[in-house]
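Residues per chain are reported as follows:
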Amino acid sequence: MSDVYYALITVGILVSVSKIIGVAFERMGINHIVGEILGGMIMGPYAAGFLINTLLYRFIGFNLININDYVLAISDIALIFLIFSSGVGEGFAPLRRSGGKGLVVAVGGAAVPFIAAYYYYFMEIHDVKAAMLLGATFMATSTAVVVKLLDNVENRNVRELIYNAVVLDDVVGIVSLAVVLTLATASHVSIGLAIETAVALVAVWTAMLVASLIIIPRAMNAIKRPELIESSSLAAAFAMSGISVMVGLSPVVGAYLAGISVGESLIKERARSFSQTLESSLGPLFFATLGAEIPLQEFLNPSIDLGVLIVTSIAVATKALGAMTFSLPFTRKPRDSALIGAMMIPRGEVGLVIAATGYSMGIITPQLYSETVLMIMATTLLGPLLIPNKARTSNSH
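Residues numbered from 1 in each chain as written. Predicted model: local features only at pLDDT ≥ 70, side-chain atom pairs only at ≥ 80, totals over all residues. Heavy atoms only, no water.

S.K.: What is the right way to read the overall build of the protein from this model?
M.R.: The secondary structure content of the protein amounts to 16 helices and 0 strands. Over its C-alpha trace the protein gives a radius of gyration of 21 Å, about what one expects of a compact globule, namely 21 Å for 397 residues. When its C-alpha atoms are laid out on the principal axes, the protein stretches across 55 × 55 × 45 Å. Carbon and sulfur atoms form 67% of the exposed surface of the protein, whose accessible area is close to 16700 Å². Side chains of the protein carry 23 positive and 25 negative charges; the gap between the two charge centres is 12 Å. (Helix = DSSP H or I, 4+ residues; strand = E, 2+ residues; numbered from the N terminus. Rg over C-alpha atoms; globule rule 2.2 N^0.38 Å. Areas by Shrake-Rupley, 256 points an atom, 1.4 Å probe, with all protein chains shown as cover. Lys, Arg positive; Asp, Glu negative; His and termini not counted. Charge placed at Lys NZ, Arg CZ, Asp CG, Glu CD.)

S.K.: Looking at this structure, I do not really get the environment of Leu-285. What am I missing?
M.R.: For Leu-285, the location among the structural elements is in helix α12 (residues 268-292). Contact partners of Leu-285, with chain neighbours within four places excluded, come to Val-11, Leu-14, Val-15, Ile-74 and Ser-75. (Contact = heavy atoms within 4.5 Å.)

S.K.: Teacher, can you tell me more about the nonpolar core here?
M.R.: Nonpolar side chains in soluble globular proteins tend to end up buried together. With 108 residues, the main nonpolar core has Leu-257, Val-262, Phe-287 and Met-343 as its most contacted residues. In terms of residues, this core owes the most to one element, helix α8 (residues 156-185), which gives 19 residues. Beyond its immediate sequence surroundings of up to four residues, Phe-287 is in contact with Ile-33, Glu-36, Ile-37, Leu-82, Ala-144, Val-145 and Lys-148. Val-15, Met-43, Leu-285 and Ala-288 belong to the second-largest nonpolar core, a separate cluster that totals 13 residues. (Core = buried A, V, L, I, M, F, W, Y, C linked by side-chain atoms within 4.5 Å. Buried < 20%, exposed > 50% of the residue type's maximum accessible area, 1.4 Å probe, protein only.)

S.K.: How should the packing of helix α9 (residues 191-221) against helix α11 (residues 251-262) be read in this particular structure?
M.R.: When two helices pack together, you describe them by how their axes are tilted relative to each other and by the distance separating the axes. Two numbers describe how α9 lies on α11: the axes approach to 8 Å, and their chain directions differ by 40°. The orientation of α9 with respect to α11, classified from their angle, is oblique. α11 is crossed by α9, and the crossing has right-handed handedness. Residue-level contacts link Trp-205, Met-208, Leu-209, Ser-212, Leu-213, Ile-216, Pro-217 and Met-220 of α9 to Val-253, Leu-257, Ala-258, Ile-260, Ser-261 and Val-262 of α11. A breakdown of the residues in the contact of α9 with α11 according to their chemical character gives 12 nonpolar, 2 polar and no charged. (Axes fitted to C-alpha atoms, helices over the stretch in contact; angles between N-to-C directions. Parallel < 35°, antiparallel > 145°, perpendicular 65-115°, else oblique. Left-handed = near helix turned anticlockwise from the far one by under 90°. Nonpolar A, V, L, I, M, F, W, Y, C, P; charged D, E, K, R; others polar.)

S.K.: Hey, could you run me through unusual backbone geometry in this one?
M.R.: As a rule of thumb, non-glycine residues mostly have phi less than zero, and peptide bonds are mostly trans rather than cis. A positive phi is found at His-126, a non-glycine position, where the angle reads about 55°. In this fold, His-126 is placed in the loop between α5 (93-125) and α6 (128-136). The phi dihedral of Arg-332 falls on the positive side, at around 55°, and the residue is not glycine. Assignment of secondary structure puts Arg-332 in the loop between α13 (302-331) and α14 (334-343).

S.K.: Explanation requested: the packing of aromatic side chains in the structure shown.
M.R.: Pairs of aromatic rings are described using the distance from one ring centre to the other and the angle between the two planes. Taken as a whole, this structure holds 9 aromatic pairs when the rule is applied. Seen in terms of ring centroids, Tyr-118 and Phe-122 are 6.0 Å apart; in terms of plane orientation they differ by 10°. Their pairing is stacked. Taken together, the positions of Tyr-118 and Phe-122, both in helix α5 and 4 residues apart, correspond to about one turn of that helix. Ring plane angle 75° and centroid distance 6.0 Å describe the contact between Tyr-121 and Phe-138, whose orientation is recorded as edge-to-face. Of this pair, Tyr-121 sits in helix α5 while Phe-138 sits in the loop between α6 and α7 (143-149); the two residues are 17 residues apart in sequence, bridging distant segments of the chain. Here Phe-138 falls in the buried class, since its relative accessible area comes to 0%. Members of the aromatic cluster, joined through ring pairs, are Phe-114, Tyr-118, Tyr-119 and Phe-122. (Phe/Tyr/Trp six-rings, centres within 6.5 Å; stacked < 30°, edge-to-face > 60°.)

S.K.: Would you take a moment to explain the packing of helix α1 (residues 3-27) against helix α2 (residues 32-43) for this structure?
M.R.: Where α1 meets α2, the closest approach of the two axes is 7 Å, and the angle between their N-to-C directions is 140°. In terms of orientation, α1 lies oblique with respect to α2. α2 is crossed by α1, and the crossing has right-handed handedness. In contact with Ile-13, Leu-14, Val-17, Ser-18, Ile-21, Gly-22, Phe-25 and Glu-26 of α1, α2 contributes His-32, Val-34, Gly-35, Glu-36, Leu-38, Gly-39, Gly-40, Ile-42 and Met-43.

Listed below in structure tokens is the structure:
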């Protein structure tokens, strides 16, 4: 049997178990994302999945739980649905109203952890290139986690500020990755080269934003047959995600741009309903896969445990502090800024990409890579635990 069909069996098991645990956690007042990640950890190949595979292999001849490339690909598609659905629901209006404020929070909330992590690693390993790459893994918040947590924020202004901060934070993370990789592979560190790389990627993102807002709504409005709405929405999401990767950005960026562009069209209500159905069906897979990929055996290494504890503490404290500090001038309420700081704690997709890139290039050692991956997973779990279902903010709307 083809690996594709093995992947579909794994997907079915992960989605079912993670959804059940997520619903159970939500009934206990804990965010469902925590349950979905834990469901993946439980059923993953490092826990119950290993036992299931060992017991059943002699009878069925294959591993029932297998996180192969096909599972990861379907998980990436689930992530695209998740971000696209969020973009369709919000449209361009929040970015128009508070995009500048979101950019300030994104940059400030990324700069503080980067600086702290850079100096920590430089003092530990005395390697500028490794310290830069590891510092960059602390910057970007998990877009997927935060957009799911936004349902718990009742104040519209705070919700929009968080939403814009996290989607722009993704752009900041990708730009930072490009700059750090440019410096890491250059014969000598050049500030001019770093600025040139950053400006080029920001220009590309701006051009994609403008082009998508001009082209996609008009194309959607030209659709006369209702049955074409769903397929056209999917085409926009996949096409923009693919283009984003081609120009050096994250597929999340393209999915977001496609979503807000479709959200500006006349067919947004039907597109939103369709995308939410897909997202609610496949969304748990992304978080379950994150959990399933956590190498639980690494926790048996005391040196790694200590390292994870230290870097997770730095990641949580500096991200919360940075986002709180830079959002306070806009919210003018410490309680709202504290909520924003907590919401920005989870790391995710971009951080994993940066860590994997540094590891594959031989710049990051296996132990530091393991510590970084576990830190990202720990913050992904911790963030939702800090946000109560329906977090009340000042002057809720």
